[in-house]
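Here's the letter readout for the chains.
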Amino acid sequence: MTFAASVLTLYPEMFPGPLGVSLAGRALAEGKWSLDTVQIRDFATDKHRSVDDTPAGGGAGMVLRADVLAAAIDSVADERPILALTPRGAPLTQDRVRTLAQGPGAILLCGRFEGFDERIFEARAMEEVSIGDYVLSGGEMAALVLLDACVRLLPGVMGAASSGDEESFESGLLEYPHYTRPIEWEGRTIPEVLRSGDHAKIAAWRKHEAEIVTRLRRPDLWERHVGARVQPPSGARQKKDE
Ligand code: SAH
């Protein structure tokens, strides 16, 4: 099964864009994933080919029409999840990315202007996803971000199959610091332990560093990590209580 992405957008020329180079680009050329775009405007029905209209109730900007969006969605809908990119959506996480990457792909709906007519979310089963608490001018770059995160996890895309396992978020922690040659640079050295060749000591050092950096920079992640660790499985707790 190949991960198949369909992007519904007013700017199909933005794709594959940055996903056409490096790891993702090579994987695309090799058929490890596929990408097609749907021009939302092709589904406009009036003679001006309009995709948007003024907001009901007044106010600035334009709103994407539900009828046009629905026709565009229906042209590609299959078993793949439909994700609308919106700042109001659930923040994208590595967990969600991993699940998506294991599935058949995704249909991504990119907004522009003020966003979508709310009725589209009720009329078509979809998930609203945000890539962070800031506002972009359109959903296209958010779709590129989401796809980049998924594609690098597909089998055979990253060089070493395991190089994703220890990364930030995969263990619930941020990643430990990396170093490479030269051993000394501008008077700074690489921590001694990393040059010791003692794999157990190195692993312990990395774990410790990952914990420190997470605790300091992301107390929210740290809380969750510690919470997950102190909750023993129900069987274990029973034993302890006996
Ligand atoms: N009026 C909207 C913002 C619209 S921005 C609001 O205040 O919520 C225009 C489009 O950019 C959105 O429809 C969405 O598709 C995309 N977009 C903007 N910020 C985003 C974010 N943080 N994550 C995902 N998509 C975003």
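Everything in this summary refers to the structure shown in the same document.

About the thresholds
Think of each chain on its own: its residues are numbered from 1, step by step along the sequence as written. In keeping with the model being predicted, local features are shown solely for residues with a pLDDT of at least 70 and side-chain atom pairs are shown and tallied solely at 80 or more, while totals for entire chains, interfaces and linings include all residues. Side-chain measures were taken over the full set of non-hydrogen atoms in the model, leaving aside hydrogen atoms and water. Patch construction takes residues with relative accessible area above 30% that form no salt bridge. Like charges are linked within 9 Å, and nonpolar side chains (Val, Leu, Ile, Met, Phe, Trp, Tyr) are linked within 5 Å. In these tables, accessible area is a Shrake-Rupley quantity obtained with a 1.4 Å probe, and a residue counts as shielded only by the protein chains included in the view. Here, a salt bridge means any side-chain nitrogen of Lys or Arg that lies within 4 Å of a carboxyl oxygen of Asp or Glu. Think of it this way: any DSSP run of H or I at least four residues long counts as a helix, any run of E at least two long counts as a strand, and we number them from the N terminus. Remark: exposure states derive from per-residue accessible area (1.4 Å probe, protein chains only) relative to the maximum for the residue type, with buried under 20%, exposed over 50%, and partly exposed in between. Only protein atoms enter the 1 Å grid used here, on which a cavity is any set of points holding a 1.4 Å probe that cannot leave and a pocket is any open set flanked by protein within 12 Å on both sides along at least five of seven lines; residues with an atom within 4 Å of a point are listed as lining. Grid points are joined across faces, edges and corners, and a volume is the space filled by probe spheres set on the points. Note on residue categories: nonpolar means Ala, Val, Leu, Ile, Met, Phe, Trp, Tyr, Cys or Pro, charged means Asp, Glu, Lys or Arg, and polar means any other residue, Gly included. Among buried residues, the Ala, Val, Leu, Ile, Met, Phe, Trp, Tyr and Cys ones that are joined through side-chain atoms within 4.5 Å form a nonpolar core. Contacts: residue pairs with any heavy atoms within 4.5 Å of one another. Two aromatic rings, drawn from Phe, Tyr or Trp (for Trp, its six-membered ring), form a pair once their centres lie within 6.5 Å of each other, and the interplanar angle then sorts them: stacked below 30 degrees, edge-to-face above 60, tilted otherwise.

**Notes on a nonpolar patch on the surface**
A grouping of Tyr134, Leu136 and Met141 is seen on the molecular surface, where their side chains present a nonpolar patch of about 300 Å² in accessible area. Position of Tyr134 relative to the elements: it lies in the loop between strand 7 (127-130) and helix 5 (140-151). Classification of Tyr134 by relative accessible area gives partly exposed; the value is 45%.

**A look at the layout of surface pockets**
Considered as a void within the structure, the largest pocket measures approximately 390 Å³ in volume. Along the wall of the largest pocket there are 25 residues; nearest its centre are Leu85, Thr86, Pro87, Gly115 and Leu136. Of all the elements in the fold, those that place two or more residues in the lining of the largest pocket are strand 5 (82-91) and strand 7. The element best represented in the lining of the largest pocket is strand 5, accounting for four residues. Residue classes in the lining of the largest pocket are distributed as twelve nonpolar, eight polar and five charged. The wall of the second largest pocket is formed by Thr93, Gln94, Asp95, Arg98, Phe169, Glu170, Gly172, Arg218, Leu221, Arg224, His225 and Ala228. Those elements that place two or more of their residues in the lining of the second largest pocket are helix 3 (94-102) and helix 7 (219-230). Top element by residues in the lining of the second largest pocket is helix 7. It accounts for four residues.

**Examining the nonpolar core**
Soluble globular proteins: nonpolar side chains tend toward being buried together. One finds Trp33, Leu108, Leu146 and Leu147 to be the most contacted residues of the largest nonpolar core, which totals 28 residues. For this core, the element with the most residues is helix 5, which contributes eight residues. When residues no more than four places from it in sequence are discounted, the contact partners of Leu146 are Leu83, Leu85, Leu92, Leu100, Leu108 and Val129. Ranked by size, the runner-up nonpolar core spans 21 residues in total, among them Leu10, Leu64, Ile73 and Leu109.

**Comments concerning the packing of aromatic side chains**
The way to describe two aromatic rings as a pair is by their centre distance and the angle between their planes. Under the defined criterion, the tally for this structure stands at one aromatic pair. Ring geometry for Phe116 versus Phe121: centroids 5.7 Å apart, planes at 80°, classification edge-to-face.

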